[in-house]
Amino acid sequence: MPISLGRALTLRRSWYGRPITGLKNQDLADFLGWTAGFQTSFTHREEEAPHSYAPSAGNLPSLSCYLALTRATEDSLSIGPGLFRYLKAEHALVDLHRPDVQKQLQDGLVQAEFASYPALVIVVADMAATMRKYSARHYRTLHIDSGIMAQTQYLVTTALGLGGCCITGFSDLSLHRLLGLPSGSFPSHIFSLGRPEPAPPSGASGFSEATEFAE
Ligand SMILES: Cc1cc2nc3c(=O)[nH]c(=O)nc-3n(C[C@H](O)[C@H](O)[C@H](O)COP(=O)(O)O)c2cc1C
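Residues numbered from 1 in each chain as written. Predicted model: local features only at pLDDT ≥ 70, side-chain atom pairs only at ≥ 80, totals over all residues. Heavy atoms only, no water.

Chemist: Explain the site of the ligand here, please?
Modeler: Residues in close proximity to the ligand include Arg12, Arg13, Ser14, Tyr16, Gln111, Phe114, Tyr154, Cys165, Cys166, Ile167, Thr168 and Gly169, which together make up its full environment. Take Arg12: an N or O atom from its side chain is 2.8 Å from an oxygen atom of the ligand. Gly169 is positioned such that a nitrogen or oxygen atom in its backbone is 3.1 Å from an oxygen atom of the ligand. For the ligand, whose free accessible area comes to 620 Å², the fraction covered by protein is 55%. Top element by residues in the shell around the ligand is strand S5 (residues 163-167). It accounts for three residues. (Near = heavy atom within 4 Å. Polar contact = N/O pair within 3.5 Å; in protein donor to acceptor, adjacent residues only side chain to side chain. Areas by Shrake-Rupley, 256 points an atom, 1.4 Å probe, with all protein chains shown as cover. Helix = DSSP H or I, 4+ residues; strand = E, 2+ residues; numbered from the N terminus.)

Here it is in structure tokens:
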């Protein structure tokens, strides 16, 4: 991503504009890879799990991402509309077969207009992942992990020339049901995503497109 950190920090904004154009598969691969994927070329210590671009307390897998596509991507081999789970190790999407996802989101969001954005990434925190290593007070680190993820999402969005906004106004119960979450997991925030027009200044991307979408 040939854009300086200073430029990304300066250009970063919450985006509330109407998305004129949708997203391509490559946009989603870039966004998910840079924000929620594993680093591909660097591990801190050989014996440790791979590191992510966004750090988490203890390098634990405290957060996972679901992708809600309210419309099909703009590719000949398009995906969506539907709900997908992002597998970070495989850099792939699992189709959860929910083409009705937009209606569910409209009902679950305080600002229902966000459900008209091409994509919403729902970030889910998993208490059990943290409690396996740390005591109960470390539930707080889930929220810190989530905040770090949100800023990473903002900066990556800016660098890719996309637009997005962090969202925390939603019904926990509604999203819990939509995603079929186990107790102990909760949606921490949502990040809307689209391509603003006219396009903002951007950098290019560097992630390879996810070629496999596991069923
Ligand atoms: C944790 C967090 C939660 C947010 N939740 C919402 C939300 O539910 N609805 C909304 O319209 N904006 C939401 N925002 C966007 C903020 O209102 C926005 O970041 C703030 O007004 C500053 O604007 P800027 O991001 O353009 O600098 C949220 C931002 C953060 C960081």
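Alright, that's what it looks like, and here's the rest.
Chemist: Looking at this structure, I do not really get the pattern of salt bridges. What am I missing?
Modeler: For side chains bearing opposite charge, pairing can occur when the charged atoms are close. Applying the stated criterion across every chain yields a total of three salt bridges. The residue Arg98 makes a salt bridge to Asp100 at a minimum N-O spacing of 3.2 Å. For Arg98, a relative accessible area of 22% corresponds to the partly exposed category. Residue class for Asp100 comes out partly exposed when judged on its relative accessible area of 35%. Taking the shortest distance from any N to any O, the salt bridge between Asp107 and Lys103 comes out at 2.9 Å. (Salt bridge = Lys/Arg side-chain N within 4 Å of Asp/Glu carboxyl O. Buried < 20%, exposed > 50% of the residue type's maximum accessible area, 1.4 Å probe, protein only.)

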